Every structure is written in C-alpha cells, then in structure tokens.
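Fold and contact review
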Amino acid sequence: MEMSNELLDIQPRELKFIVELKKQSSCSVRLFNKSNHYVAFKVKTTSPKKYCVRPNTGVIEPKSACDFLVTMQAQKVALPDMTCKDKFLVQGTVVAEGTTEDDITSSLFAKENGKYVEESKLRVVLASPPHSPVLLPINGVHDQVPVFETSPSKDQVLRGDENVGTQLKVIENMMEQKSENIEPPVTVEARDLERVKGVEELELAKDVENLTFKISELELKLEEAQVTISKLTEERRLTARESESLRQELALLSTKKGVRRIQVGFPFLFVCMVSLVSVVLGYLVRCQ
C-alpha cells in the first residue's frame with residue numbers, strides 16, 4: 001500500500017539533552033497521526049544502552065497524538081566535546097482498527113509485499129548547562145559584579161585627603177558587601193557526605209543501566225518467542241487441515257468399497273429360491 005502523505009508529524013526533530021555529570025537528562029517527543037487510519041509506531045536507537053525510551057511502541061488513533069519520553073543516562077565522566085553521532089529512528093505503519101500494543105512485533109514493520117513503512121530519523125544535540133557567573137545566585141541574591149571606574153592618575157590622588165578618604169570608604173563598602181555574600185567554607189563532614197552521595201549515585205546509575213540492558217534483552221527474546229509461536233501455530237493449522245483432508249478421503253474410499261460389496265453376487269434368498277425351484281422341477285420331471 002502506497003501513501004502519498006506523511007503518516008506521522010514529529011515534534012521536535014532534534015533531541016536536545018543538557019549534559020551534566022551524574023545527572024540524567026530527558027527530552028519529550030510528540031507524534032501526531034495526520035492520516036485517517038490507525039498507525040502503529042516503534043522507536044529505535046543506535047545506542048540502546050545509553051538511552052531509555054518509554055513507551056517505545058504504541059498505536060495512535062486517526063488525527064490523535066501520542067508522546068514518548070527519551071531519557072539519557074547520567075554521564076560518569078566529562079565529555080571532551082559536545083559532538084554526538086547518536087541517532088533515533090521512528091517507524092510507522094497503518095494497522096487495523098482494534099490493534100493493541102501487545103500485537104506490535106518486529107515483523108509488523110517489515111517491508112514485504114509492497115507494504116508501506118514510514119521511517120523518520122532524529123538527531124541528538126548535546127548542550128552545556130547555562131552556567132554564568134553573573135547570573136548565578138549566591139544565598140538567594142544575585143551577585144552583581146561591581147563596576148570600577150578608571151584608576152585615578154597620580155596628580156588626582158595628590159589633590160587632597162578628601163578624595164583619598166572617599167575612595168577608601170568605597171573600597172571598604174565593597175569589601176563588606178562581598179564578605180556578606182561569600183558562603184562559609186565546606187566542612188570535612190560535608191565533603192565526606194558529598195563523596196558518599198556521589199558514589200551512591202554512580203552505583204545507582206550503573207544499576208539502572210544494567211536493568212535497562214536486561215529489559216532490552218528480554219524484549220528481544222520476547223519478540224523472537226512470539227515469532228516462533230506464530231510459526232508453530234501456522235504449522236499446526238496446516239497439519240490439522242491435512243489430517244481432515246485425509247480423513248475425508250478415507251471416508252470416501254470406505255463408502256465406495258461398501259457399494260461394490262453390495263453389487264457383487266446374488267442375494268442369499270434368491271439362491272435359495274432358485275435351488276428350491278430346481279428341486280421341484282427335477283422331482284416333477286423324474287415322476288413323469
């Protein structure tokens with residue numbers, strides 16, 4: 001079946017992730033079914049261990065939308081640059097009304113017998129967190145960088161003690177404001193707690209990655225099992241049909257054999273009557 005128009009409208013076409021150490025980043029994608037048919041979709045990626053997609057399959061009703069969430073696992077080490085070659089592939093195909101997510105298998109998106117399968121590629125864009133010293137709040141108040149005027153010349157300094165005193169007061173006020181905004185130093189216990197927290201987050205990220213990998217393996221095995229069950233069911237149906245055909249042929253042969261048995265030879269009563277008539281005729285002939 002050929003389609004002249006697109007089945008799915010995808011927004012956005014670029015997956016943007018904010019990269020921060022030991023923190024996950026997520027991006028939401030919306031699929032809109034532009035057709036008048038039910039459309040099944042499936043999301044694939046070139047790095048299944050690095051990303052988690054939920055849901056990665058589904059069925060969208062005509063003129064309806066569906067969202068899926070892509071989560072990038074936490075980075076353990078800093079990236080050398082923000083270049084990323086990871087790709088995502090969104091497949092879509094028309095299905096019958098009443099199709100559920102459980103009915104979606106890999107064979108559904110196979111391009112066989114002229115079946116139309118729409119494929120859209122999404123690229124990944126990495127971005128740094130917006131860290132700016134001017135905009136970062138300290139103790140809930142934005143730290144505004146003081147603007148210094150041009151340093152006075154030697155002649156201006158020597159003009160009088162008033163200018164020198166005024167400059168000293170300005171410098172003292174600036175130092176007092178800065179001392180109020182400076183946070184207290186981190187204690188040893190706080191550092192230990194941060195270190196333990198970092199180790200726990202790393203272990204948690206590792207466990208999540210392992211679970212994601214195991215779930216992907218189980219999904220692949222489940223798809224293979226479903227394909228095998230479909231083949232076995234088809235073979236069983238063909239075998240039952242052949243058995244029924246053989247049973248009908250045997251019944252037909254049995255009927256023909258019975259008909260032949262009935263038609264061959266004379267009935268026993270007829271033979272008895274002929275014998276009796278023959279004996280009577282022979283007796284009569286002999287008596288004469």
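Check the entry above for the structure.
Residues numbered from 1 in each chain as written. Predicted model: local features only at pLDDT ≥ 70, side-chain atom pairs only at ≥ 80, totals over all residues. Heavy atoms only, no water.

A few points about the overall build of the protein
Summing up its helical and strand segments, the protein has four helices and eleven strands in all. Taken across its 288 residues, the protein has 20% of its residues classed as buried. In the protein, of all internal contacts separated by at least 6 residues, the share reaching a separation of at least 24 is 74%. Total accessible area computed for the protein in this model is approximately 22400 Å², and 58% of it derives from carbon and sulfur atoms. (Helix = DSSP H or I, 4+ residues; strand = E, 2+ residues; numbered from the N terminus. Buried < 20%, exposed > 50% of the residue type's maximum accessible area, 1.4 Å probe, protein only. Contact = heavy atoms within 4.5 Å. Areas by Shrake-Rupley, 256 points an atom, 1.4 Å probe, with all protein chains shown as cover.)

Here we look at the nonpolar core
Membership of the largest hydrophobic core comes to 25 residues, with the highest contact counts inside it found for Phe17 and Phe88. Secondary structure elements with two or more residues in this core: strand E1 (8-11), strand E2 (14-18), strand E3 (25-33), strand E4 (38-45), strand E5 (51-54), strand E7 (65-72), strand E8 (87-95) and strand E9 (118-127). When sequence neighbours within four positions are dropped, the list of residues in contact with Phe17 reads Ser25, Ser26, Cys27, Tyr51, Val70, Met72, Val124, Val125, Leu126 and Ala127. In this structure, Ala40, Val95, Ile104 and Val117 belong to the second largest nonpolar core, which totals six residues. (Core = buried A, V, L, I, M, F, W, Y, C linked by side-chain atoms within 4.5 Å.)

Some words on a negative patch on the surface
Taken together, the side chains of Glu200, Glu201, Glu203 and Asp207 define an acidic patch exposed on the protein surface. Position of Glu201 relative to the elements: it lies in helix H3 (residues 188-263). A relative accessible area of 32% places Glu201 in the partly exposed class. (Patch = residues over 30% accessible without salt bridge, like charges linked within 9 Å, V, L, I, M, F, W, Y side chains within 5 Å. Salt bridge = Lys/Arg side-chain N within 4 Å of Asp/Glu carboxyl O. Lys, Arg positive; Asp, Glu negative; His and termini not counted. Charge placed at Lys NZ, Arg CZ, Asp CG, Glu CD.)

Some words on the pattern of salt bridges
If you walk through the whole model with that rule in mind, you get nine salt bridges. Across the pair Glu20 and Lys23 runs a salt bridge, and its minimum N-O distance is 3.9 Å. We classify Lys23 as partly exposed; its relative accessible area is 48%. Between Arg30 and Asp67 there is a salt bridge, with the nearest N and O atoms lying 2.8 Å from each other. Here the residue Arg30 occupies a position in strand E3, and Asp67 occupies one in strand E7, the gap between them amounting to 37 residues. On the basis of relative accessibility, which here comes to 46%, the residue Arg30 falls in the partly exposed class. With relative accessibility at 34%, the residue Asp67 sits in the partly exposed group.

Concerning the sheet that holds E9
Spatial ordering of the open sheet is given by E2-E9-E8-E4-E6, a layout of five strands whose pairing is mixed. The open sheet has two edge strands, E2 and strand E6 (57-60), and neither has a second partner. Pairs of neighbouring strands in the sheet enclose a mean axial angle of 25°, with direction left out of account. (Pairing = 2+ DSSP bridges. Axes fitted to C-alpha atoms, helices over the stretch in contact; angles between N-to-C directions.)

A few points about the sheet that holds E1
With respect to topology, four strands assemble into an open sheet ordered E1-E3-E7-E5, the strand pairing being antiparallel. For this open sheet the edge positions go to E1 and E5, each flanked by a neighbour on one side alone. Taking the axes of each pair of neighbouring strands and ignoring which way they run, one obtains an average angle of 20° across the sheet. Sheet topology note: the E1/E3 ladder contains four bridges and is antiparallel. Its bridge partner lying in E3, Asp9 is registered against Phe32.

Quick word on the packing of aromatic side chains
Per the stated rule, a full pass over the model turns up two aromatic pairs. Between Phe17 and Tyr51 the ring centres are 5.7 Å apart and the planes differ by 40°, which places this aromatic pair in the tilted class. You can see Phe17 sitting in strand E2 and its partner Tyr51 sitting in strand E5, a full 34 residues away along the chain. In terms of burial, Phe17 and Tyr51 fall into one category: buried. With 5.1 Å between their ring centres and 70° between their planes, Tyr51 and Phe88 make a pair best called edge-to-face. Here the residue Tyr51 occupies a position in strand E5, and Phe88 occupies one in strand E8, the gap between them amounting to 37 residues. (Phe/Tyr/Trp six-rings, centres within 6.5 Å; stacked < 30°, edge-to-face > 60°.)

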